[in-house]
Structure formats: C-alpha cells, structure tokens
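The primary structure of each chain is shown beneath.
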Amino acid sequence: EAIKADPGSVAFAGGSAAGGFDHMKPLQVMKAAGFTDIGSIKYIGVDGGADAITQTVGGFTQAMTGDMSEIVGFIQSGEVRALAVLTEDRVPGFDDIPTAREQGFDVVAVNWRGFYVPKGISDDEFNVWASRIQAIADSAEWKETMTANGLAPFSKVGGDFQSWVDQVVADTEALSKEIGVIHDQNRPHLRSGRDPRRSRISRAPTTCRPETSSTSSAPRSFRSSWASAWRSARRR
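This one's a predicted model, so the numbers in the text were calculated from it and none came from an experiment. (Residues numbered from 1 in each chain as written. Predicted model: local features only at pLDDT ≥ 70, side-chain atom pairs only at ≥ 80, totals over all residues. Heavy atoms only, no water.)

J.: Which parts of the structure should I look at to understand the packing of helix α5 (residues 123–138) against helix α6 (residues 140–149)?
T.: For any two helices packed against each other, one specifies the crossing angle of their axes together with the interaxial distance. Interaxial distance between α5 and α6 falls to 5 Å at its minimum, and their mutual angle equals 60 degrees. Judged on the interaxial angle alone, α6 and α5 are oblique. In this structure, α5 contributes I136, A137 and D138 to the contact, and α6 contributes A140, W142 and K143. (Axes fitted to C-alpha atoms, helices over the stretch in contact; angles between N-to-C directions. Helix = DSSP H or I, 4+ residues; strand = E, 2+ residues; numbered from the N terminus. Parallel < 35°, antiparallel > 145°, perpendicular 65-115°, else oblique. Contact = heavy atoms within 4.5 Å.)

Take a look at the structure:
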C-alpha cells in the first residue's frame, strides 16, 4: 500500500543488477497486487545478498529482495521478519512464513539451478539421466539438505522442465520490456538507463522486514529443487 500511495517512498535493495532476478521478484508481486506503474518502483542493485540485507537492516533501504539463505541468521536473531515466500508451498523448516499465494498474490518465483545434457544425446541416455536426477530429488538425503539450507521442494525433470524454462524465458522477456531493460519497438517511450541482465538460476523465495525483502533454455534439460526469496521491509 505504501508503494501504491508513493512509489518513491520504498526502495528495494537486491544482489543483482537492474533487470536481474532480485529486481524482478518485487515487480511480480506488485503487478499481482494490481500496481501497474512498475517502472516507478525504486531498486538498488548491490554486490550480492549480504550487501543487500545490510542496506535494509541499516535503514538505507526500506526493503530487500534476495534468497532465503541470505536472511536465515537475521530471522533467527530477530533482526528481520519474513513476510512471504515466493514458493508454491511453505519452505520446510520455516513453516511459519506464509507463501505469497496464501496472502492473495499469485506469484511463484523460484530461483533454480538446472542440469543440462548435450543436444544430440539419445532418448535412452536422456531418460537414464532424468531417472538419476529424479532419484536424487526424491532421496531422504536431499530432503535433509533442503531443510538445513532453507530450500523449497520444487523439482522438474525432462520435458516438464523444458516447458517450464520456456515459459520463464517468455515471462521474463515480457517484464523486461515493460520496465525498459529490453527495448520494445512497439513501445518507444519506455524508461531507459537500466542495464539488461539475464535472470539467474539458484535458491527459494521470501519476504522480510527488519524488526526496528539469464534465463536460458537448452534443447534438453533437467531441473533440481531450489528456492529464492522476496523480502520486504514493510508489511502488507
């Protein structure tokens, strides 16, 4: 509501450049909230999540967007408050943090890592590797690792992963054109001055508040379960 009333009153810090994944997450949430002038939302790209959370805890920005793993210690110490995770389900080990969807914002923005194989691989070899990746994703050891690191279960394998990646690429391109990091010939008067950057692939979504928040496709691909986080210094 504060952003809707005065977009310039809230600045987000994030560990990616303008147009990167950390920048995209709050924009997606604001669009889901019905805010249309997303180009007016202030975002400050810094050198990684550690710098971003420092900016917010120190009061230099009003919000921070990044990965869950970057704020685990701050959550445990009570220095920040997570408002929402941008995963499909709540993150194991952080079950008290609701998803954005639970709060009425239909946004899932996972930060993922994928496993890729050569274009010319045979169907049999492709399926063998898909089975191996799926077995790892289903293992007790991987579930323990996710819980220990604040990672959300979000696994896609084979063709399912490829279709998902294709949609992420399309959505990211559309949003990038809307904020002006990719030139859209049909919209010549977009804001400029932002650097294009491909969205990244890594960990599980959140939203937090201090107590005082390139995609690429390949012919064939696999995906592991990771998660990323959106955090905000203001409660909705």
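That covers the picture; the talk isn't over yet.
J.: What exactly am I supposed to notice about the nonpolar core here?
T.: One broad rule of soluble globular proteins: the nonpolar side chains tend to lie buried together. Ranked by size, the top nonpolar core spans 14 residues in total, and within it I3, F12, L27, F35, I38, I41 and I179 carry the most contacts. At the level of elements, α2 (21–32) and α7 (159–179) are the ones that each hand at least two residues to this core. Tallying contributions element by element places α2 first for this core, with three residues. Each residue touching I3, except ones within four places of it in the same chain, is listed here: V10, F12, M30, F35 and I41. Residues A33, L86, A100 and V107 belong to the second largest nonpolar core, which totals nine residues. (Core = buried A, V, L, I, M, F, W, Y, C linked by side-chain atoms within 4.5 Å. Buried < 20%, exposed > 50% of the residue type's maximum accessible area, 1.4 Å probe, protein only.)

J.: For this particular structure, what's the right way to read helix α3 (residues 49–57)?
T.: Every α-helical turn comprises 3.6 residues, leaving residues that sit three or four positions apart pointing alike. What α3 keeps buried is the set G49, A52, I53 and T56. Down the axis of α3, the smallest arc covering the buried residues is 90 degrees, so these residues share one side. Following α3 by one or two positions, G59 has its phi on the positive side, about 85 degrees. (Arc of directions from axis to C-beta.)

J.: How should α5 be read in this particular structure?
T.: Across its 16 residues, α5 extends 22 Å between first and last C-alpha, which sits within 8% of the 22 Å expected from 1.5 Å per residue. Residues F126, A130, I133 and A137 constitute the buried set of α5. Here the buried residues of α5 occupy an arc of 65 degrees about the axis, which is enough to place them on one side. (Expected span 1.5 Å × (residues − 1).)

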